[in-house]
Amino acid sequence: MSDVWELYYHGPKLVGPGRGEFVRLMFEELGMKYKEVNDNVYELFRDKLQGFPSLAPPMIKKGDFQLSQTGVICKYLGKKYGLYPDTEEDEWHAEQVLSTIMDYISEGRLAFHGKNFYESYYTQQEETKPYIKVFIEKRMPKFLDHFEKVLKANDRGNGFVIGKKLTYVDIALLHVLRATEAQFPDVWPAVENIPLLRAFKERISARPNLAAYFKSGRPRPFEGNSMM
Ligand SMILES: N[C@@H](CCC(=O)N[C@@H](CS)C(=O)NCC(=O)O)C(=O)O
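Residues numbered from 1 in each chain as written. Predicted model: local features only at pLDDT ≥ 70, side-chain atom pairs only at ≥ 80, totals over all residues. Heavy atoms only, no water.

The domain architecture assigned to the protein consists of domain 1 (5-81) and domain 2 (88-206). On the domain 2 side, the residues contacting the 14 residues of domain 1 number 15 residues. At the boundary of domain 1 with domain 2, the tally comes to one salt bridge. Glu-95 is the partner of Lys-75 in a salt bridge, and the nearest nitrogen-oxygen pair spans 2.4 Å. Our count for the contact surface shared by domain 1 and domain 2 stands at two residue pairs in polar contact (both at pLDDT 80 or more). Secondary structure elements with two or more residues in the side of domain 1 that touches domain 2: α1 (20-30) and α3 (70-81). Sort the elements by how many residues they give to the side of domain 1 that touches domain 2 and α3 lands first, with six residues. (Domains from an automatic or database assignment. Contact = heavy atoms within 4.5 Å. Salt bridge = Lys/Arg side-chain N within 4 Å of Asp/Glu carboxyl O. Polar contact = N/O pair within 3.5 Å; in protein donor to acceptor, adjacent residues only side chain to side chain. Helix = DSSP H or I, 4+ residues; strand = E, 2+ residues; numbered from the N terminus.)

Below, the structure is given as structure tokens:
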């Protein structure tokens, strides 16, 4: 039995950072050791997983406790290890923002799988182009504009998403901003009116543990075939 957290996620040959990266960034910021379990994850989740059922990775496990759903994992680790809001109202606002972040990546993924959500992007590159176009032109600016407003509502956008300290929502927002930039390198620089978001991305990326991780060569490259 492992005495460190295990992160179950598809291996780097199958997928890029993906949803697993939300969890990795939590562990990295916290300076905690974790062990990745990457082998045969599809088969494992389909018919071999013991313990409390999980539909899909990422999943974390320590001892007999295992937990899936990316947002729930982030919230759990945040609460357990101190990346969590201090007041009840902030707690719910954090939950609200996290849900919006998850909506954003789900819509982004959907846009790259407009013909068939369950098949690879590479089988539908032509057919899904109109969906990507709508996402870029309508949905991405709407979400980014919203996140800009969320930042502005706290400390005029110069600090964290919620309250006076880093929480799991800052980590989640950082990852979707990085994913957006990587997926849409031509679009991202031209998105208008998001100065606070841009500064936030740089500020949080520069936190010592995260900066060391980004420089380490360990992060998986973004795939370029959908948001997640
Ligand atoms: N809502 C879940 C979605 C999980 C999910 O879609 N996982 C992907 C990898 S990123 C997967 O392997 N899905 C397999 C499946 O849904 O059958 C979460 O955010 O954790």
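Now that the structure is up, let's keep going.
It is worth spelling out the pairing of strand β4 (residues 65-68) at this point. Every regular strand shows the same layout, with side chains that alternate between the two sheet faces. Pairing of strand β3 (residues 59-62) with β4, which is carried by four bridges, proceeds in the antiparallel orientation. Following the sheet pairing, Met-59 is matched in β4 by Ser-68. Hairpin remark: β3 followed by β4, antiparallel, with two residues in the connecting loop; positive phi at Gly-63, about 60°. (Pairing = 2+ DSSP bridges.)

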